[in-house]
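Coordinate inspection notes
Each chain, written out:
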Amino acid sequence: ISVWSNVPAGPPDPILGITEAFKKDSSPQKINLGVGAYRDADGKPYVLPSVLAAEDKVISERNDKEYLPITGLGTFTQAAAVLAYGTDSKPLSEGRVAITQSLSGTGALRIAGAFLARHYPHAKEIYVPSPTWGNHIPIFRDSGLEVKTYSYYDKKTVGLDFEGLKKDLKAMPDKSIVLLHACAHNPTGIDPTEAQWREISDVIKSKGHFPLIDNAYLGFASGSVDKDAFALRHFVEEGHQLILCQSFAKNMGLYGERVGTFSVVCADKEEKARVDSQIKILVRPMYSNPPVHGARVASTLLTDKKLNAQWLAEVKGMADRIIDMRSTLFDLLHELGSKKKWDHIKNQIGMFAYLGISPEQVDQLAREHHIYLTRDGRISVAGVTKHNVRHLAESLHKVTA
Ligand SMILES: Cc1[nH+]cc(COP(=O)(O)O)c(/C=N/[C@@H](CC(=O)O)C(=O)O)c1O
C-alpha cells in the first residue's frame, strides 16, 4: 500500500475556503466577503499607487539579489519599529527592542509561538480572545503551546464582554501569556475603548501576565497610525515587556509579498543582544532569511518622506471607504424596514463586521443570494462597494426578517 495511505483528507481553511466556494459560483451577483483583503470601489484588488511608486524606485536601483541577514532588511525593521512604537519610544531610543523581519503577520506569530514555547519560563499555554482570528489557534498549537481562551465577545449586545474579559484575566494563573489584538479585532471588529485598554493594562500588570500583541491593521482601522497604535504604546509606556507581531499585508496591500516584523521589548541592551541571538537561532532553521523585494518596497514607503505622506493618505483612504460602506449598509437596512438592531455594523472598526447572524443564515446567504462570508457571520467590509451594497442589504434583510 502507498506510503501516504494513512494521510486523511483535511477540511478546507474556514477563511480561505470561502474564496474557493465563491470562485465556483457563476452568478453575476456573487459577492465575496470572506477573506480579509481590501477591494477598491469597483470591488477590485487594490495596489496602492504609493506602493507602485516605491516599487519603481526599488526596481530602478537594480539591487542585487543576495541573501538578507537572518533578521531581514535592517532599514525596514528599524522603520517598521518606529511606525509601531512611535518616534519617542523609550525602549527604541534605549536600544532594547530586538526585532526581525518576518513572513508577514502569520510568520511573526509563528516565531512568537516558537520563541515563547522555548524561552518563556512561566507557562506553556497561551490565552487568546474568544473568538479570535481562526489561524491563531493552529499557529500556537503547532508551535507547541496549549491554546486557551478568555471572554471577549458578548453575543447579547454584539459588543465587548468587558466584565468577562477582566474576570478571566484575573482568574488565569499569574504570569500567563495573553494574546491581544492591537486594533481592529478579528473577527468581531470590536475594540476596547482607550479607558478600557488602560484597565486591561492595569489588570495584566497586577497579575504579571505577558502581553503578545498582534498588530495586523496599523493605520488601516481608524485611518490614523497613532490612534491605532494607542494600546501598544500605552502598554509599552506602562512598562510591559511585550512581544509585537506586525503585518504590512493590509495597510500597504503587500498581501502576497509577505512583509512583517516580530519584536521583543527587552530590559536593557545586554538582554536585547541575548534575545536577538536566540531569534536568529530560531529563524535560521525555519526559513533562513526572508524575501527581499517586499521589505525594500516597505522600507522605501516608510523612509522616503514624500512617498510616506502619500502612503499614509492612501491608508486613510482605504479606512474611510470601509467606514463609508458601514454607514451605507446600515442606512439601507433601515430603509428596507429591517426591525433588527444593526448599530454594531457602524460601531465596529477595521476590516470586518461581525453581523451576529447564525451559521444557517450564513449558509442561506451563500445558497440563495450568492453572498460568501465565514460561518461565524463575519463579513469583510472591504468587499462591500456601492455596486453590491444594495444586494447585500436586501439579502441580509431577507434572511433575518
Ligand atoms: C489578526 C490577524 N493577524 C494576522 C493576520 C495575518 O496576516 P498576514 O497576511 O500573515 O500578514 C491576519 C490576517 N487575516 C486575514 C487574512 C487571512 O486569514 O490570512 C483574514 O482574517 O481574512 C489577521 O486578521
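Summary of the structure given here.

Let us now look at the pairing of strand 10 (residues 259-265). By the criterion of burial, strand 10 is predominantly enclosed, with 7 of the 7 residues buried. Neither face of strand 10 is exposed, since Val259, Thr261, Ser263 and Val265 on one face and Gly260, Phe262 and Val264 on the opposite face are all buried. Relative to strand 10, strand 2 (residues 97-103) runs antiparallel, the two sharing 7 bridges. Bridge pairing in strand 10 places Val97 opposite Val265. The pairing of strand 9 (residues 243-247) with strand 10 spans 5 bridges and is antiparallel. Residue Ser247 lies in a different strand from strand 10, and its bridge partner there is Gly260.

Summed over all chains, the structure comprises 22 salt bridges. We note a salt bridge from Asp304 to Lys57, for which the minimum N-O separation is 2.9 Å. Placement of the pair is Asp304 in the loop between helix 12 (293-303) and helix 13 (305-335) and Lys57 in helix 2 (residues 49-60), with a sequence separation of 247 residues. Taking the shortest distance from any N to any O, the salt bridge between Lys167 and Asp168 comes out at 4.0 Å. Judged by relative accessible area, Lys167 falls into the exposed class, the value being 57%.

Turning our attention to a nonpolar patch on the surface. A cluster of nonpolar residues, Val3, Trp4 and Val7, forms a patch on the protein surface that exposes about 370 Å² of accessible area. For Trp4, the location among the structural elements is in the segment before helix 1 (16-24). Classification of Trp4 as exposed rests on a relative accessible area of 62%.

A word on the packing of helix 2 against helix 13. Packing of helix 2 against helix 13 leaves a shortest axis separation of 8 Å and a crossing angle of 150°. Here helix 13 runs roughly antiparallel to helix 2, going by the angle between their axes. In contact with Pro49, Ser50, Ala53, Ala54 and Lys57 of helix 2, helix 13 contributes Leu307, Gln310, Trp311 and Glu314. Across the contact of helix 2 with helix 13, the residue classes tally to 5 nonpolar, 2 polar and 2 charged.

Here we take up empty space enclosed by the protein. Going through the model one piece at a time under the given rule, you end up with 1 cavity of 30 Å³ or more. Size it by volume and the largest cavity reaches roughly 50 Å³. Lining the largest cavity we find Pro129, Tyr150, Tyr152, Leu165, Leu180, His181, His185, Pro192, Trp197 and Ile200. Broken down by secondary-structure element, the contributors of at least two residues to the lining of the largest cavity are strand 7 (177-181) and helix 8 (194-207). Among the residues making up the lining of the largest cavity, the classes are represented as 8 nonpolar, 2 polar and no charged.

Attention now moves to the packing of helix 8 against helix 10 (residues 230-237). Packing of helix 8 against helix 10 brings their axes to within 10 Å, and their N-to-C directions diverge by 35°. The handedness of the crossing between helix 8 and helix 10 is right-handed. Two secondary-structure elements touch here, helix 8 through Glu194, Trp197, Arg198, Ile200, Ser201 and Ile204 and helix 10 through Phe230, Ala231, His234 and Phe235. Class assignment for the residues of the contact of helix 8 with helix 10 results in 6 nonpolar, 2 polar and 2 charged.

Definitions and cut-offs
Residues numbered from 1 in each chain as written. Predicted model: local features only at pLDDT ≥ 70, side-chain atom pairs only at ≥ 80, totals over all residues. Heavy atoms only, no water. Buried < 20%, exposed > 50% of the residue type's maximum accessible area, 1.4 Å probe, protein only. Helix = DSSP H or I, 4+ residues; strand = E, 2+ residues; numbered from the N terminus. Pairing = 2+ DSSP bridges. Salt bridge = Lys/Arg side-chain N within 4 Å of Asp/Glu carboxyl O. Patch = residues over 30% accessible without salt bridge, like charges linked within 9 Å, V, L, I, M, F, W, Y side chains within 5 Å. Areas by Shrake-Rupley, 256 points an atom, 1.4 Å probe, with all protein chains shown as cover. Axes fitted to C-alpha atoms, helices over the stretch in contact; angles between N-to-C directions. Parallel < 35°, antiparallel > 145°, perpendicular 65-115°, else oblique. Contact = heavy atoms within 4.5 Å. Nonpolar A, V, L, I, M, F, W, Y, C, P; charged D, E, K, R; others polar. 1 Å grid on protein atoms, 1.4 Å probe; cavity = no way out; pocket = protein on both sides within 12 Å on 5 of 7 lines; lining within 4 Å. Points joined across faces, edges and corners; volume = space filled by probe spheres on them. Left-handed = near helix turned anticlockwise from the far one by under 90°.

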